[in-house]
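Residue-level listing of the chains:
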Amino acid sequence: MQSFESARIAVVSGGRSTERERSLMSGRAAWESLDRQGYTTRFLDAADKTFADDIRSADVAFLAIAGRYAEDGKLQGLLEHLNVPYTGSGVAASAVGMHKALAKTVVAAAGVATLPTVSLPARGEVSTHAVTSTIAFPLILKPLSEGGSIGMTVCRDTAQLAAALRTIDPGAGWFVEPFTTGIPVSCGVLEIDGSPVALPPLATIPTEAEFYDYATKRDKTKYRYECPANLSSAALDAITTAALTAHDALGCSGYSRSDFIVDPDGRPVWLEINTLPGLSHTGNLATMAAATGIDYDRLIRMILATAHTTEGYRP
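Now for a look at the structure at hand. (Residues numbered from 1 in each chain as written. Predicted model: local features only at pLDDT ≥ 70, side-chain atom pairs only at ≥ 80, totals over all residues. Heavy atoms only, no water.)

**Some points on the overall build of the protein**
Selection criterion: In this text, helices come from DSSP runs of H or I with a minimum length of four residues, and strands from runs of E with a minimum of two, each type numbered from the N-terminal end. Throughout, the radius of gyration refers to the C-alpha atoms, and the reference size of a globule is 2.2 Å times the residue count to the power 0.38. Burial classes follow relative accessibility: with a 1.4 Å probe on protein chains only, a residue under 20% of its type's maximum area counts as buried, one over 50% as exposed, and anything between as partly exposed. Throughout, the Shrake-Rupley method with a 1.4 Å probe supplies accessible areas, and for residues the shown protein chains are the sole cover considered.
The number of helices and strands found in the protein is 11 helices and 13 strands. At 19 Å, the protein has a C-alpha radius of gyration in line with the 20 Å of a compact globule built from 315 residues. Principal-axis analysis of the C-alpha atoms gives the protein an extent of 60 × 45 × 40 Å. Evaluated residue by residue, the protein yields a buried proportion of 51% over its 315 residues. Of the roughly 13600 Å² that the protein leaves accessible, carbon and sulfur atoms contribute 51%.

**Here we look at the state of the cysteines**
The cut-off we apply is this: Disulfide: a pair of cysteine sulfur atoms within 2.5 Å of each other.
Scanning the entire structure with this criterion turns up 0 disulfides. Looking at the unpaired Cys187, the closest cysteine sulfur is the one in Cys227, lying at 9.1 Å.

**Thoughts on the sheet that holds strand S7 (residues 174-178)**
Applied cut-off: The pairing criterion is simple: DSSP has to find at least two bridges between the two strands.
Strand order in the open sheet formed by 4 strands is S4-S7-S5-S6, and the pairing between neighbours is antiparallel. Each end of this open sheet is capped by a strand with a single partner; those strands are strand S4 (118-119) and strand S6 (153-155). In this structure, strand S5 (residues 139-143) lies alongside S6, joined through 3 bridges in antiparallel fashion. Bridging from a neighbouring strand, Ile140 pairs with Val154 of S6.

**Remarks on the packing of aromatic side chains**
We apply this condition: Stacked, tilted and edge-to-face are the three classes applied to pairs of Phe, Tyr and Trp rings, where Trp contributes its six-membered ring and a pair requires centres within 6.5 Å; stacked means planes under 30 degrees apart, edge-to-face means over 60, and tilted covers the rest. Only when the NZ of Lys or the CZ of Arg is both within 6 Å of the ring centre and within 35 degrees of the ring normal is a charge said to sit over the ring.
All told, the structure shown has 2 aromatic pairs when counted by the stated rule. Judged by centre distance (5.1 Å) and plane angle (40 degrees), the ring pair of Trp31 and Phe43 falls under tilted. Here the residue Trp31 occupies a position in helix H1 (residues 20-36), and Phe43 occupies one in strand S2 (residues 40-45), the gap between them amounting to 12 residues. For Phe43, a relative accessible area of 23% gives the class partly exposed. Their ring planes at 45 degrees and their centres at 5.4 Å tell us that Tyr223 and Tyr225 sit as a pair that is tilted. When its relative accessible area of 12% is taken as the criterion, Tyr223 is described as buried. Between Arg16 and the ring centre of Tyr69, over which it is positioned, the NZ or CZ distance is 4.2 Å.

**Comments concerning helix H3 (residues 74-81)**
Working note: α-helix, 3.6 residues per turn, so residues spaced by three or four point in the same direction. Quick note on the threshold: In this description, the arc belongs to the directions extending from the helix axis to the C-beta atoms. Here, residues are in contact when the closest pair of their heavy atoms is within 4.5 Å.
By the burial criterion, the buried members of H3 are Leu75, Gln76 and Leu79. Take H3 and look down its axis: the buried residues cluster within an arc of 100 degrees, on one side only. Exposed and facing more than 90 degrees away from the buried side of H3 are Lys74 and His81. If you follow the buried residues of H3, they end up packed against strand S1 (8-13), helix H2 (51-54), strand S3 (60-63) and helix H4 (91-98). Immediately beyond the C-terminal end of H3, within one or two residues, lies Asn83, with a positive phi of roughly 60 degrees.

**Looking at helix H7 (residues 158-167)**
Of the residues making up H7, those classed as buried are Leu161, Ala164 and Leu165. Projected down its long axis, H7 carries its buried residues within an arc of 100 degrees, all on one side. Exposed positions of H7 whose direction lies more than 90 degrees from the buried face are Ala159, Arg166 and Thr167. Each element contacted by the buried residues of H7 is listed here: helix H6 (128-132), S5 and S6.

**Topic: the nonpolar core**
Our working definition: By nonpolar core we mean a set of buried residues, namely Ala, Val, Leu, Ile, Met, Phe, Trp, Tyr and Cys, connected to one another through side-chain atoms within 4.5 Å.
Formed by 44 residues in total, the largest nonpolar core has its most connected members in Ile55, Phe62, Leu63 and Leu279. Counting residues per element, the ones that place at least two in this core are S1, H1, S3, H3, helix H10 (284-291) and helix H11 (296-305). Ranked by residues supplied to this core, first place goes to H11 with 6 residues. In terms of nonpolar packing, the next biggest core, distinct from the first, is built from 22 residues, Ala103, Val107, Ala235 and Ile239 among them.

**Description of the pairing of S7**
Burial of S7 is extensive: 5 of the 5 residues sit out of reach of the surface. Pairing analysis gives 2 bridges linking S4 to S7, with the strands arranged antiparallel. Following the sheet pairing, Ser119 is matched in S7 by Phe175. Two elements, S5 and S7, share 5 bridges in a ladder whose sense is antiparallel. Within S7, the residue paired with Lys142 across the bridge is Phe175.

**Here we look at the sheet that holds S2**
Definition in use: Between the N-to-C directions of two axes lies an angle of 0 to 180 degrees, each axis being a line fitted to C-alpha atoms and, for a helix, fitted only over the stretch in contact.
The 3 strands are arranged S2-S1-S3 in an open sheet whose pairing can be described as parallel. One side of each edge strand has no neighbouring strand; the edge strands of this open sheet are S2 and S3. Along the sheet, successive strands turn relative to each other by an average axial angle of 30 degrees, direction set aside. In terms of strand pairing, S1 meets S3 through 4 bridges, oriented parallel. Counted as the bridge partner of Val11 is Phe62 from S3.

Okay, structure coming up:
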């Protein structure tokens, strides 16, 4: 781990994904924190045409960005090509982690409980029977590579599923899994002195919506946090173990955040991983870190310290 005290740090944010606004919120918060702590910083928007030239002058890139073209390995590939060290996971872990169905396959192979999945073909029409022969109602239709609960649709019968399938672009990549009611729980992993450590699991309780959807995530009046989550010790242990296992199985670096659903019987099921979790002051990761006594500035400093040179990533 490095301190980068005298380094020129580029806080990379924005980008072209549907999560641009969330990224900018994270980026500004991280940038202000680093500036407040005396680091030499520059704020760069990955969507700017001059980005590839501007980033060359940085000693390290602090990635406060999410979504496609940023969290999926593309940005990481560019930075490796330019030999600029960066925070977060490498190309392979980022790409696999962003592909939710593939990530589930890898994590399930490591022994973590996941839900069954049907990936939809990228071309041609998809029949409702092709889905319901494997997944029973209610089910949820999700994009393969989007974050923030963007585009998710709950279907409770054939008519709803047929209508949902007519509205999607198959080429964008979609999959279906059972819709499981329960408590949404996140668990962050932060590498400290080179060793991954699980943070206290955080439950998000929607107060109005059926599930923690895109609209709910963006209205703080519609949910509340509970950290540590009010779950049995067995469930909490299972969640932290699964988060660490997923982080390792996918080859993540620096930090990550795994999302789960805990069913009414108290059994957690792994849903997905965020290889570049949001970094707002009141976001999941900051809340989990605060529960362990890590304030926001220290969290940002710890993430910066995990930045690797391109040779430092796992193959």
